[in-house]
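Listed below are the residues making up each chain.
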Amino acid sequence: MSTASNFDLSIAAWLDEEARDGAPERLIDATRRQLERTNQRRAIWPAWRLSPMNARLAVAAAAVVIAAVGVYLILPRANGPGFQSSPSPTLTPASPTPTVHEIPAGGPLDAGRYVLRPYMTTAPGLEVLFTVPDGWDVFGNWAPLSPKGTSAPAGSGLAFLSTGSIYSDPCHWSKDGAVTATVGDVAVGPTAADLANAIHAQTAYTSTVPVDVTIDGYTGKQLDVELPSDIDVATECDKEAGTSEGSYWMWTPLEADGNNVYAQGPGERRHISIVDVEGDRLILMHNDYAGTSDADVAAAQAVFDSIEINP
Amino acid sequence: MTNAELVRKGRAGDRDAFDLVMTAQIDHLYRIARLILRDTDRAEDAVQEALVRCWRDLRTLRDPDRFDAWLNRLLLRCVTDEARRERRHAASLVVLNAEPRQLDDTGTVADRDELARVFGRLSVDHRTMVVLHHYLGFTIEEAAATIGIPVGTAKSRLHYATDALRAALESDARVTATRQVMA
């Protein structure tokens, strides 16, 4: 037997010895208690939900504008087409660096700065930081939502996504009887430009010509997409397993069980920035509609502009 | 009932079925977390968080036959998250198996102490690779896929960690030999 094999066996035996003890009863009990208080997320793939407008949120929406302007003035921003001009270099934050909170697993967010990790397996260490005003929410632990949710006719929100392939027909994505949207029929290359160009080449929706963009120092491409408004997605599009209504998928996630977002409503406008982050292609998207107010658009843009990326 | 059947029931919202899945997996998860984190309290936190995320997101798992791999990924992500956090319970830190034990085929007590010391000094990323490869028996490719890193990175991490551990054993062997000569 070789020295290397002896060494491997020694390490394996030592680890076995170290790992003799099983989970203590208190851990099992505590986990059971926590599970009793936890509900499962909705079936199939996570998707943005509709957050109903109410009186509190109506007030919060107004506050969003004020808070967003404040946030916009003091935070570093992304650059690129469609973004407002950079602040004066003489402007500096009036207070120390804000505390960064771990994004919770769904639910309302207090105003503040948050960190989330959009990829479970392909880049688990990649972090996205951003600042939200009061009244915002988060779906799962990866999609910040405005107080009005992300659905038509007036919602807005953000999502951080990945993909390796897209659909030429996002309404009829099911091939060979597939009941989950797992692989698009249009393969795309690995770069931000590859994906942006592939999206722009599709005719199922309209899109702007991709242009260069820089987000927190990472370069890539930006384009705006407008999804069709003349399709009844619920009745006309392919259905996921276990669902009674159809779904419209632009692309598939790169990771198995990764984050993905189906069309949130007719005429949805997706502002898509794609950047290469040290070998990982990160999709940063925020959405709105023709009916989204200027104030809400500005608020979502301010959240987007506050993004910081840590590979 | 098989594990896959229990997972399917759990995915459909059956809490009793998931409880059986949880109790069947928790020892395995705890051992991995404890090996990597070297801290019982933090290992418990990571395992609990992984199982809660598992239940919460179980409906997003499209293939129940891939449950084990999926749960391993969830755990490793929670372990990484836990490692990032500032140590909250410094007093709870334990040096695993620091107490003398009977000698066996794995080597001398001194060997084990030295291994524990060097292993504890490795980064969480390196310890994770060692545990996946040497404890769970994953190939480098399987470990890379589980962690979500390139195979080359996985090889590099394992190589570094293995060198460190081998050096620890060899160093201890030299000390022992020197003592024997001096005696």
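Being a predicted model, the structure only gives us computed values, none of them experimental. (Residues numbered from 1 in each chain as written. Chains lettered and ligands numbered in written order. Predicted model: local features only at pLDDT ≥ 70, side-chain atom pairs only at ≥ 80, totals over all residues. Heavy atoms only, no water.)

Caption draft 1: Main features of the sheet that holds strand β4 (residues 127–132) of chain A. All names here are of chain A. As summarised here, the arrangement of the 4 strands in space is β1-β3-β4-β16, forming an open sheet in which the pairing is mixed. What marks the edges here is a single partner per strand, and that holds for β1 (100–102) and β16 (308–310). Strand-to-strand, the axes of this sheet are offset by a mean angle of 30°, without reference to chain direction. In terms of strand pairing, β1 meets strand β3 (residues 112–116) through 3 bridges, oriented parallel. Within β3, the residue paired with H101 across the bridge is Y114. (Pairing = 2+ DSSP bridges. Helix = DSSP H or I, 4+ residues; strand = E, 2+ residues; numbered from the N terminus. Axes fitted to C-alpha atoms, helices over the stretch in contact; angles between N-to-C directions.)

Caption draft 2: Expanded view of the interface of chain B and chain A. Counting residues at the interface gives 56 residues for chain B and 55 residues for chain A. Between chain B and chain A the total buried area reaches about 5,000 Å² when both faces are included, carbon and sulfur atoms providing 56% of it. Inspection of the chain B/chain A interface yields 5 salt bridges. As a salt-bridge pair, A:R26 and B:E44 come within 2.6 Å of each other at their nearest N and O atoms. If you look at where chain B meets chain A, you find 11 residue pairs in polar contact (both at pLDDT 80 or more). The set of elements that each furnish at least two residues to the side of chain B that touches chain A consists of α1 (3–11), α2 (15–37), α3 (40–57), α4 (67–84), α5 (109–121), α6 (124–135), α7 (140–147) and α8 (151–182) of chain B. (Contact = heavy atoms within 4.5 Å. Buried area = accessible area lost by both parts, 1.4 Å probe. Salt bridge = Lys/Arg side-chain N within 4 Å of Asp/Glu carboxyl O. Polar contact = N/O pair within 3.5 Å; in protein donor to acceptor, adjacent residues only side chain to side chain.)

Caption draft 3: Up close: the nonpolar core. Core analysis: the biggest nonpolar cluster contains 64 residues, and B:F18, B:I26, B:V47, B:F67, B:L75, B:F119 and B:L165 have the highest contact counts within it. Top element by residues in this core is α2(B). It accounts for 12 residues. Beyond its immediate chain neighbours, meaning those up to four positions away, B:F119 contacts A:W14, A:L15, B:L35, B:R38, B:R127, B:V130, B:V131 and B:L165. If you look at the next biggest cluster of nonpolar residues, it comprises 29 residues, including A:A159, A:I166, A:A192 and A:W251. (Core = buried A, V, L, I, M, F, W, Y, C linked by side-chain atoms within 4.5 Å. Buried < 20%, exposed > 50% of the residue type's maximum accessible area, 1.4 Å probe, protein only.)

Caption draft 4: The arrangement of the state of the cysteines in detail. Counted by the stated rule, this structure contains 1 disulfide over all chains. Residue A:C171 pairs covalently with A:C237 via a disulfide, S to S 2.1 Å. Between A:C171 and A:C237, the S-S torsion sits near -110°, and that sign places the bridge as left-handed. Of this pair, A:C171 sits in the loop between β8 (165–166) and β9 (186–187) while A:C237 sits in the loop between α5 (233–236) and β13 (251–252), and the two are 66 residues apart along the sequence. There is no disulfide at B:C54, and the cysteine sulfur nearest it, in B:C78, is 9.9 Å away. (Disulfide = S-S within 2.5 Å.)

Caption draft 5: Quick peek at the confidence of the model for chain A. Residues and elements named next belong to chain A. Across chain A, pLDDT averages 79, with 77% of residues at or above 70. Averaged over each element, pLDDT in chain A is lowest for helix α3 (residues 55–74) (36) and highest for helix α4 (residues 192–200) (97). Contacts from residues 43–93, a stretch scored under 50 in pLDDT, to residues over four places away or in other chains number 105 contacts. (pLDDT = per-residue confidence, 0-100.)

Caption draft 6: Examining the pairing of strand β11 (residues 211–215) of chain A more closely. Residue and element names in this part refer to chain A. Direction of pairing for β11 relative to strand β12 (residues 218–226): antiparallel, over a ladder of 5 bridges. If you follow D212 over to β12, its bridge partner there is K221. With antiparallel pairing between neighbouring strands as the criterion, β11 and β12 make up a hairpin whose turn holds 2 residues, including D216 at a positive phi of roughly 50°.

Caption draft 7: Inspection of the packing of aromatic side chains at higher detail. With the rule as written, the count across this model stands at 7 aromatic pairs over all chains. Here A:W14 and B:F119 contribute two aromatic rings whose centre-to-centre distance is 5.3 Å and whose plane-to-plane angle is 75°, an arrangement assigned as edge-to-face. Of this pair, A:W14 sits in helix α1 (residues 3–18) while B:F119 is found in helix α5, placing the two residues in two different chains. With a relative accessible area of 0%, B:F119 lands in the buried category. Ring plane angle 70° and centroid distance 5.4 Å describe the contact between A:W249 and A:Y262, whose orientation is recorded as edge-to-face. Here A:Y262 lies in the loop between β13 and β14 (269–277) and A:W249 lies in the loop between α5 and β13, a separation of 13 residues in the sequence. Judged by its relative accessible area of 1%, A:W249 falls in the buried class. Pairwise contacts between aromatic rings join A:Y114, A:F130 and A:F160 into one cluster. When the ring centre of A:F7 is taken as reference, the NZ or CZ atom of B:R166 above it lies at 4.4 Å. (Phe/Tyr/Trp six-rings, centres within 6.5 Å; stacked < 30°, edge-to-face > 60°. Lys NZ or Arg CZ within 6 Å of the ring centre and 35° of its normal.)

Caption draft 8: Here's a closer look at the sheet that holds β8(A). All names here are of chain A. One open sheet holds the 3 strands; their spatial order is β9-β8-β13, and the pairing between them is antiparallel. Bordering the open sheet on either side are β9 and β13, each of which pairs with just one other strand. For β8 and β9, the ladder comprises 2 bridges, and the chain directions are antiparallel. In the sheet register, I166 faces β9, and the bridge partner there is V186.

Caption draft 9: Focus on the packing of α1(B) against α2(B). Residues and elements named next belong to chain B. Running from N to C, α1 and α2 cross one another at 130°; their axes reach a closest spacing of 7 Å. As summarised for this structure, α1 and α2 are arranged oblique, according to the angle between their axes. At the point where α1 passes α2, the crossing takes the left-handed sense. Every residue of α2 that contacts α1 at N3, L6, V7, K9 and G10 is listed here: A17, L20, V21 and Q25. (Parallel < 35°, antiparallel > 145°, perpendicular 65-115°, else oblique. Left-handed = near helix turned anticlockwise from the far one by under 90°.)

Caption draft 10: Fine view of the side chain of A:Q222. Turning to its location among the elements, A:Q222 is positioned in strand β12. Looking at A:Q222, its side chain comes within polar contact range of the side chain of A:D224, at 2.8 Å.

Caption draft 11: Examining the environment of A:A19 more closely. You can see A:A19 is positioned in the loop between α1 and α2 (25–36). Setting aside residues up to four positions removed in sequence, A:A19 forms contacts with B:R31, B:L35 and B:Y135.

Caption draft 12: Spatial organisation of the pairing of β12(A). When strand β10 (residues 206–207) of chain A meets β12(A), the two strands line up antiparallel, connected through 2 bridges. If you follow A:T206 over to β12(A), its bridge partner there is A:E226.

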